[in-house]
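So the chains spell out like this:
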Amino acid sequence: MSDTTSNITEKPFWLRPPWIVLFDLIKLRRLRPWDVNLAQILTSFILEMKRQGYIDFTASGVALLSSATIYRMKSELILKLQEPPRLPRERTVDFIPPPIPIPFRYEYTTTTLDDLITALEGPLKIEPNALSTQYEVTELVSPPPILEELDAFLTEIDQHIDELNEKIQELLEEEASIPFSLLTIGLDRLDLIRTFLMLLFLVSDRKIDLIQDEEFGEILIGPPSGGSEELE
Amino acid sequence: MGPHREVQKNLSDPENQGSGQTSRSDKEMRDRSLVEAALYVTGRPLELRTLGSVLGTRSKKRARSVVEAVKQSYDSRTGALEIVELSDERFVLQLKPKFVEHVRRLATRPLLTSGPLRTLAYIAYRQPVIQSQVISVRGSHAYDHIRILETMGLVENERFGRTKLLRTTRIFSDYFNLSHDLTAMKRQLRSIFNIVEKESSTPVGQQ
Amino acid sequence: MGPHREVQKNLSDPENQGSGQTSRSDKEMRDRSLVEAALYVTGRPLELRTLGSVLGTRSKKRARSVVEAVKQSYDSRTGALEIVELSDERFVLQLKPKFVEHVRRLATRPLLTSGPLRTLAYIAYRQPVIQSQVISVRGSHAYDHIRILETMGLVENERFGRTKLLRTTRIFSDYFNLSHDLTAMKRQLRSIFNIVEKESSTPVGQQ
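Counting restarts for each chain: residues are numbered from 1 in the order of the written sequence. As they are written, the chains are lettered A onward and the ligands numbered 1 onward, keeping that order. Where local features are concerned, this predicted model is filtered to residues with pLDDT of at least 70; where side-chain atom pairs are given and counted, the filter is 80 or more; whole-chain, interface and lining totals use all residues. For the side-chain quantities, the full set of heavy atoms in the structure was used; hydrogens and water were omitted.

Engineer: For the packing of aromatic side chains, give the residues involved together with the corresponding values.
Structural biologist: In this analysis, rings of Phe, Tyr and Trp, with Trp reduced to its six-membered ring, are considered paired at centre separations within 6.5 Å, and the interplanar angle assigns stacked below 30 degrees, edge-to-face beyond 60, and tilted for intermediate values. With the rule as written, the count across this model stands at 15 aromatic pairs over all chains. Taking 5.1 Å as the distance between ring centres and 80 degrees as the angle between the ring planes, the aromatic pair formed by A:Phe13 and A:Trp14 counts as edge-to-face. On the basis of relative accessibility, which here comes to 2%, the residue A:Phe13 falls in the buried class. Each member of the aromatic cluster is reached from another via a ring pair, and the members are A:Phe13, A:Trp14, A:Trp19, A:Phe23 and A:Phe45. Lying across the ring of C:Tyr74, B:Arg77 places its NZ or CZ 5.1 Å from the centre. Geometrically, a charge over a ring is one whose NZ (Lys) or CZ (Arg) sits within 6 Å of the ring centre while staying within 35 degrees of the ring normal. Of note, C:Arg190 hangs over the ring of C:Tyr125, and the distance from its end group to the ring centre comes to 5.0 Å. Burial classification: accessible surface area is computed with a 1.4 Å probe over protein chains only, and a residue below 20% of its type maximum counts as buried, one above 50% as exposed, and the rest as partly exposed.

Engineer: Any details on the sheet that holds strand S6 (residues 163-168) of chain B? Residues and values, ideally.
Structural biologist: Residues and elements named next belong to chain B. Two strands form a pair only when DSSP identifies at least two bridges running between them. Strands here are runs of E lasting at least two residues and helices are runs of H or I lasting at least four, both read from the DSSP assignment and numbered beginning at the N terminus. The sheet built from three strands is open, its strands ordered S4-S6-S5 with antiparallel pairing. Of all the strands in the sheet, just strand S4 (129-130) and strand S5 (155-160) have a single pairing partner and so form its edges. Two elements, S4 and S6, share two bridges in a ladder whose sense is antiparallel. Bridging across to S6, Ile 130 finds its partner in Leu 165. Packing of helix H5 (residues 114-126) onto the sheet brings it into contact with S4, S5 and S6, and relative to S6 it is tilted by some 90 degrees. Two residues qualify as a contact provided that any one of their heavy atoms is within 4.5 Å of a heavy atom in the partner residue. All axes are obtained by fitting lines to C-alpha atoms, using only the stretch in contact for helices, and the reported angles, taken between N-to-C directions, cover 0 to 180 degrees.

Engineer: Can you explain the side chain of A:Glu48? Please cite residues and give values.
Structural biologist: All names here are of chain A. Looking at the secondary structure, you find Glu 48 in helix H3 (residues 38-52). Within the structure, Glu 48 has its side chain in polar contact with the side chain of Gln 52 (distance 2.8 Å). When residues no more than four places from it in sequence are discounted, the contact partners of Glu 48 are Phe 13 and Trp 19. Distance and chemistry together define a polar contact, namely a pair of N or O atoms within 3.5 Å, with one atom able to donate a hydrogen and the other to accept it when in protein, and with adjacent residues in sequence counting only for side-chain atoms on both sides.

Engineer: Tell me about the environment of A:Lys207, and name the residues and values.
Structural biologist: All names here are of chain A. As for its position among the elements, Lys 207 is in the loop between helix H8 (189-204) and strand S2 (209-212). Exposure remark for Lys 207: the relative accessible area of 35% places this residue in the partly exposed category. Among all residues touching Lys 207, those that are not within four sequence positions of it are Asn 165, Gln 169, Leu 202 and Pro 224.

Engineer: Report on the interface of chain A and chain B, specifying residues and quantitative values.
Structural biologist: Facing 29 residues of chain A, the contacting portion of chain B comprises 46 residues. Buried area, as used here, totals the accessible surface that two parts lose on assembly, with accessibility defined by a 1.4 Å probe and the loss added over both. Of the roughly 3,700 Å² buried between chain A and chain B, counting both surfaces, carbon and sulfur atoms make up 61%. Considering only the side of chain A, the residues that lose the most area to chain B are A:Ile100, A:Phe104 and A:Arg105, jointly responsible for 23% of the buried surface there. By salt bridge we mean one thing: a side-chain nitrogen of Lys or Arg within 4 Å of a carboxyl oxygen of Asp or Glu. In this structure, the connection of chain A to chain B is made through zero salt bridges. Here chain A is connected to chain B by three residue pairs in polar contact (both at pLDDT 80 or more). Mapped onto the side of chain A that touches chain B, the elements with two or more residues apiece are helix H6 (145-174) and H8 of chain A.

Pasting the structure below:
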């Protein structure tokens, strides 16, 4: 707000901070999406427009596009499994016992030269293949980075989803429903988000159902409800 | 690994040298050597029964008398090694802890520095404990510590959702002659920590 | 709580117990214990220079006189352990060969689990080998393996541009009784490997 008065009056209000972030399309791609609090910016954008007494649909459209882009950037980062910035770390304070002095005990180890030779067999068998693939890979034109990232994520996520599903089905044998919080004890923020994303996959595969009675209330995980519609 | 071949002398049997000894005491010396050999080779606490099996006896009393003789001979030497009797009649041969620091860098098997030792102490004290809790108390270095502790077989993990539940192993219990029962062990640990804390007023180096 | 008490007790300096001894012989006893500790902890042949470094001396002569005193005390005990001098002035503490058979069955711990052992075997066979080659043959777990192998002193690295060149150490050679000379060692490995390869037609399980 320290711009000169003449400038302020000429420019529409949204070309000033904090709204400018949605309108500088060149910078948009370069910003850290975690730094943008979309809800707050959009709410104040609407309020400001109302206050000034007119609606500019072009500006609203651009704001919509930019918000969508930022959301997309956030989900891409999560897909790439990039850690969102941590909240200032609260280092848990707990009693840390003094280190225990461990005596050393020599142990006669049983590995012989024969074992070493036997162990050689596997690597040597794989070697020709492993080395030639490596060279093939480096000679190939690499796919666009986003595809690689998605591929890596998707191959891995299938496995994680299966594991999660197995665990849930096991728990559902004993309980009618499981609170989401039970699945996430001790998880950090990123793992929590990942777990939630995986639950959404499971819902869309109709492996489970999610129930949330009140806004911000506990999410319950239950078996898929027979003929019910897909969750919204 | 086989024994290294000696380049010079001394391959002759030492037991044949003391010609004045009776055959009974020859047997006794041999028994002691067998027990010493068993303790050396295993590097873990052995029960009297196991020691007896090496001696070819089922008598725990006889096994005890032999291992106690070996222990005494170690005590009287004031060398770097000691034989310690643990509860439930188990015996172990080990380096006296005060020498560990001096030779740590030579050991082929990784020895724990005080950072991992603290993490270990914390896990032991709070177990079963979620890995993320250990990390938030001990800092992100603790990931490395946990990996080392697992490699050494002192700590084991169990998947718990996407994180890990950590606990100490029987190997850990054996090192300190702690109970294999979790509740009893934690009680024992508490009193050990009190002793250690009182005795070492100066803090040991940080991780 | 037996062992821990024991540990506490032993933290007091045993050298102060023999009140009749002069301080010179206290130092001598301590030196002997340090050498004994070094030999015990490594379980492999140590050079006089290494023993000297534990004693804080560069004098090979002094190191020799201490280790020979320890050797003598072992010889006079007629126990299961012995200190043997190997060629090129190296000393090793080991189980006397005649006892190995009696207690071999009690030893159960391998030097390494199968994953790291395969990585070690591969490095030994192809050394000096670029780390990235080891990774592409053994998979990304091999980063951990290499770290363990380096910590154990079985493998060492040298920077080679942006990657690392890996090779086995003398500790490795000593453990498997292989030549210290790289070319000779690889010849040894190759010939043993070829023999085994011919004899066993069935493949061994995967990692």
